[in-house]
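# Descriptive structure summary
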Amino acid sequence: MTKTIAVVGSCMIDSIVYSSRLPKPGETLLGSKYEQGFGGKGANQCVTAARLGASTIFITSLGSDKIGQSYLEKLKQENIDISYAKIQNNSHTGVAQIIVTETGENSIVIVQGSNALLSVKDVIDARQKIQSASVLLCQFETSLEPILEALTIYQGHGTSIVNGAPAVSNVDPNIFKLSDIFCVNETEAEIMTGIQCITISNAQKAIDKLFSLGCNTVIITFGAEGAVHATQNNKKLVHTSTEILKAVDTTGAGDAFLGALAYYITYHSNLSLEECIRRSNRIAAQSVLKAGTQTSLPYRKDLPIELF
Ligand code: ADP
């Protein structure tokens, strides 16, 4: 049987403005460029895995607007199974308002729209597809009830990866417990652990806090510095560095990392987690070299052969 990755998560339409720097509160800046693009953490991660060659099914919720329809078409073109991608009546597709600076920094406000309507029933309807997947990949950009349901349904069926993004405080502890791998970036780790100014040198504290919340394996990504991880069996963090690249636009780097991680765990199950992270770092690095979110996600055909 073909191995699959099930993604339960969001679709957003990205509205991106490019500016020399981020505006201060109350300030208006003259930007240099505007673009609209397909985004949303769930979709970005699913598209990454699909472009690396994975067979994917995406459980998601779109608005009853034109964008919702064109998003469905887009997912089809990416060879993603959309049999459980649902159009919600009387709702707009989620929107992400993104500012990208000349140095590749970004700042984002999202409005969930139809993503907030993804329901427990939507997940239950897709039960068989979820349970037969080798990896279940979820994020926090929808309401969390369907995410908890997906993790509950999936328990004992394969590897669940939860990307705690955007950061949410007071997460149901069962979400931590049911995630085999819990992955956040440094900022999300700060919000979720209450520990300030997390760097690689004090990341162990954040990892230990996430363990105490119920997490099993923890990964924290650190942009150009790569990622750290620790497991229940080896709680001391391991740092996997990466080649530092001059970023054009880091939007979606974390999603590229997560989609790649799901791909490697599914299709290269002989590799250690550290090697999966090293390769995921390299896939994510590719995504910072181009502008945009999904437009910057790499295709297998353009990647070095040694990554496969
Ligand atoms: P997010 O996009 O969630 O903010 P990060 O900024 O931590 O996540 O980036 C995720 C991953 O993308 C990193 O672990 C790293 O592998 C890769 N990455 C990000 N920025 C760079 C960069 N400038 N050079 C190389 N790799 C990068």
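What counts and what doesn't
Residues numbered from 1 in each chain as written. Predicted model: local features only at pLDDT ≥ 70, side-chain atom pairs only at ≥ 80, totals over all residues. Heavy atoms only, no water. UniProt positions renumbered as here; feature names shortened; annotations may be inferred. 1 Å grid on protein atoms, 1.4 Å probe; cavity = no way out; pocket = protein on both sides within 12 Å on 5 of 7 lines; lining within 4 Å. Helix = DSSP H or I, 4+ residues; strand = E, 2+ residues; numbered from the N terminus. Buried < 20%, exposed > 50% of the residue type's maximum accessible area, 1.4 Å probe, protein only. Contact = heavy atoms within 4.5 Å. Phe/Tyr/Trp six-rings, centres within 6.5 Å; stacked < 30°, edge-to-face > 60°. Lys NZ or Arg CZ within 6 Å of the ring centre and 35° of its normal. Axes fitted to C-alpha atoms, helices over the stretch in contact; angles between N-to-C directions. Parallel < 35°, antiparallel > 145°, perpendicular 65-115°, else oblique. Left-handed = near helix turned anticlockwise from the far one by under 90°. Nonpolar A, V, L, I, M, F, W, Y, C, P; charged D, E, K, R; others polar. Near = heavy atom within 4 Å. Polar contact = N/O pair within 3.5 Å; in protein donor to acceptor, adjacent residues only side chain to side chain. Areas by Shrake-Rupley, 256 points an atom, 1.4 Å probe, with all protein chains shown as cover. Sits in = over half its atoms within 2 Å of the grid points.

In the annotation of an unreviewed UniProt entry, the entry for the protein chain reads Ribokinase, and the organism field reads Ceratosolen solmsi marchali. UniProt, in the comment section headed Pathway (unreviewed entry), describes the protein chain in these words: "Carbohydrate metabolism; D-ribose degradation; D-ribose 5-phosphate from beta-D-ribopyranose: step 2/2." The protein chain has a UniProt comment under Subunit (unreviewed entry) that states "Homodimer."

### What about the UniProt feature "binding site: substrate" (unreviewed entry) in the protein chain?
Mapped onto this structure's residue numbering, the UniProt feature "binding site: substrate" (unreviewed entry) falls at Met-12, Ile-13, Asp-14, Gly-40, Lys-41, Gly-42, Ala-43, Asn-44, Glu-141 and Asp-255. Within the annotated group just given, the residues that line the largest pocket are Met-12, Asp-14, Gly-40, Lys-41, Asn-44, Glu-141 and Asp-255. By the secondary structure assignment, Ile-13 is in strand S2 (residues 12–19). What makes Ile-13 buried here is its relative accessible area of 8%. Beyond its immediate stretch of four places on either side in the chain, Ile-13 contacts Gln-36, Gly-37, Phe-38, Ile-67, Gly-94, Val-95 and Ala-96.

### What to know about the packing of aromatic side chains
Evaluation of the coordinates by the stated rule reveals six aromatic pairs. Between Tyr-263 and Tyr-264, the ring centres sit 5.1 Å apart and the planes meet at 75°, which makes this aromatic pair edge-to-face. For the pair shown, Tyr-263 and Tyr-264 are each scored as buried. Each ring, one from Tyr-263 and one from Phe-308, has its centre 5.9 Å from the other, and the planes form 70°; the classification is edge-to-face. Within this pair, whereas Tyr-263 is found in helix H9 (residues 253–267), its partner Phe-308 is found in the segment after helix H10 (273–287), the two being separated by 45 residues in sequence. Overall, the relative accessible area of 23% leaves Phe-308 in the partly exposed class. An aromatic cluster is built from Tyr-263, Tyr-264, Tyr-267 and Phe-308, whose rings are joined through pairwise contacts. Looking at Lys-33, its charged tip hangs above the ring of Tyr-18, at a distance of 4.4 Å from the centre. One Lys or Arg, Lys-301, reaches over the ring of Tyr-299 and ends 5.5 Å from the middle of that ring.

### Section: the packing of H9 against H10
Contact geometry of H9 with H10 gives a least axis separation of 8 Å together with a crossing angle of 140°. Between H9 and H10, the angle is such that the two are oblique. For the crossing formed where H9 meets H10, the hand is right-handed. Residues Ala-253, Ala-256, Phe-257, Ala-260, Leu-261, Tyr-264 and Ile-265 of H9 lie in contact with H10, whose contacting residues are Leu-273, Cys-276, Ile-277, Arg-279, Ser-280, Asn-281, Ile-283, Ala-284 and Ser-287. Residue composition of the contact of H9 with H10, by class: twelve nonpolar, three polar and one charged.

### Some words on the environment of Thr-250
Position of Thr-250 among the secondary structure elements: in the loop between strand S14 (238–240) and H9. Sequence separation between Thr-250 and Gln-294 is 44 residues, and the spatial gap between their C-alpha atoms is 12 Å. Sequence-distant contacts of Thr-250, that is, excluding residues within four places in its chain, are made with Gly-104, Asn-106 and Val-288.

### Re the site of the ligand
In the neighbourhood of the ligand, 16 residues make up the surrounding shell, with Thr-221, Gly-223, Leu-245, Gly-254 and Asn-281 lying closest. Within the side chain of Asn-185, an N or O atom sits 3.1 Å from an oxygen atom of the ligand. Here an oxygen atom of the ligand and a side-chain polar atom of Thr-221 are 2.8 Å apart. Look at the ligand: alone it shows 560 Å² of surface, and the protein chains cover 85% of it. In this structure the site holding the ligand corresponds to the largest pocket. Those elements that provide at least two residues to the shell around the ligand are H9 and H10. In terms of residue count, the dominant contributor to the shell around the ligand is H10 (three residues).

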